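# A look at the structure
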Amino acid sequence: MIMDGTNAALRRRAALNNASWCDAVCRAHGLKPRYDGGDLWLSAVRTPPLYPEAVTLDAAVPAERVLRPVDTGSPGCSVKDSFADLDLAGDGFEVLFEAQWIHRPAGAPVPAAGPSAPQWSEVGDAAELAAWEAAWDGEESTGLFKPSLLGGDTAFLAGRAGGRIVAGAALHTGGGVVGVSNLFARDGAGADTAWAGALAATAARRPDLPVVGYEHGEDLDTALRAGFTAVGPLRVWLRTA
């Protein structure tokens, strides 16, 4: 069993990786977020849909320090409370969801994929990225993920069957770990199959690094079956007032 002190360190690395991913997405949209010391990432202007205005990177960051620099003037501002220790209810926020940070050691065995599992490859250009986003969203691509994200620390993985994208995940390297987010499966592919393929593709690219992320509900159960360990809670707060 992982001890509490190790859990806290793993949560910090996972939160730092997630903030780095948020930073990359925001900069691809032309925003200029920043790190405030070593315990807070933030954007002073509204971020793209589904991305927070602030991410705490350590426990016990004061709520006032989190909220003062961000745009709380209208509903829609969100805060990723990485250690689930903020109380923003008195500031017009509600808990959007609670989740668990997850961790998988480098070199851990990859779940076996069946013979009919999708074939995985990395998205290589803007047209493929638009198709990946449409499959992830279930509708038309809205341009949330910009082509400037391709390459470097970020990779979009696509699982294909019959030439169609039926599964996928986004990888982002930062903070000494690889973060997996936006995992999806559709058209009968199955989430367990998607994790098996995504983890195999991740191991082929960065076998030396642990894998982190966060999940909740049934998605958390699936991640645990894939060999992840839950290492601590987080909350996402949304300003509704």
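Below is a short write-up of the structure.

About the criteria used
- Residues numbered from 1 in each chain as written.
- Predicted model: local features only at pLDDT ≥ 70, side-chain atom pairs only at ≥ 80, totals over all residues.
- Heavy atoms only, no water.
- Helix = DSSP H or I, 4+ residues; strand = E, 2+ residues; numbered from the N terminus.
- Contact = heavy atoms within 4.5 Å.
- Salt bridge = Lys/Arg side-chain N within 4 Å of Asp/Glu carboxyl O.
- Buried < 20%, exposed > 50% of the residue type's maximum accessible area, 1.4 Å probe, protein only.
- Expected span 1.5 Å × (residues − 1).
- Pairing = 2+ DSSP bridges.
- Axes fitted to C-alpha atoms, helices over the stretch in contact; angles between N-to-C directions.

### Things to note about the environment of Ala 14
- By the element assignment, Ala 14 lies in helix α1 (residues 4-28).
- Sequence-wise, Ala 14 and Val 231 are 217 residues apart; in three dimensions their C-alpha atoms are separated by 9.7 Å.
- With sequence-adjacent residues up to four places away left out, Ala 14 is seen in contact with Trp 101 and Val 212.

### So, the pattern of salt bridges
- Under the defined criterion, the tally for this structure stands at 15 salt bridges.
- For Arg 46, the salt bridge is made with Glu 53, and the minimal N-O distance between the two is 3.4 Å.
- Glu 53 gets classed as buried once you look at its relative accessible area, which sits at 1%.
- Of the charged contacts in the structure, one is a salt bridge between Arg 186 and Asp 187, with a shortest N-O distance of 3.6 Å.
- Arg 186 gets classed as partly exposed once you look at its relative accessible area, which sits at 29%.
- Each of Asp 36, Asp 39 and Arg 65 takes part in a single network of salt bridges with overlapping partners.

### Side note on helix α4 (residues 191-205)
- Taking 1.5 Å per residue, 15 residues should reach 21 Å; α4 reaches 21 Å between its end C-alpha atoms and fits that length.
- The set of residues buried in α4 consists of Ala 194, Trp 195, Ala 196, Gly 197, Ala 198, Leu 199, Ala 201 and Thr 202.

### Comments concerning the sheet that holds strand β1 (residues 34-35)
- With mixed pairing, 11 strands are arranged side by side in an open sheet as β1-β2-β3-β4-β11-β5-β10-β9-β8-β7-β6. Looking at strand neighbours, the two that pair on one side only are β1 and β6 (119-122), the edges of this open sheet.
- Pairing between strand β8 (residues 164-174) and strand β9 (residues 177-185): 7 bridges, direction antiparallel. Residue Ala 170 lies in a different strand from β9, and its bridge partner there is Ser 181.
- Each of β6, β7 (154-161), β8 and β9 is contacted by helix α3 (residues 126-137), which is oriented at about 105° to β8, the strand it contacts most.

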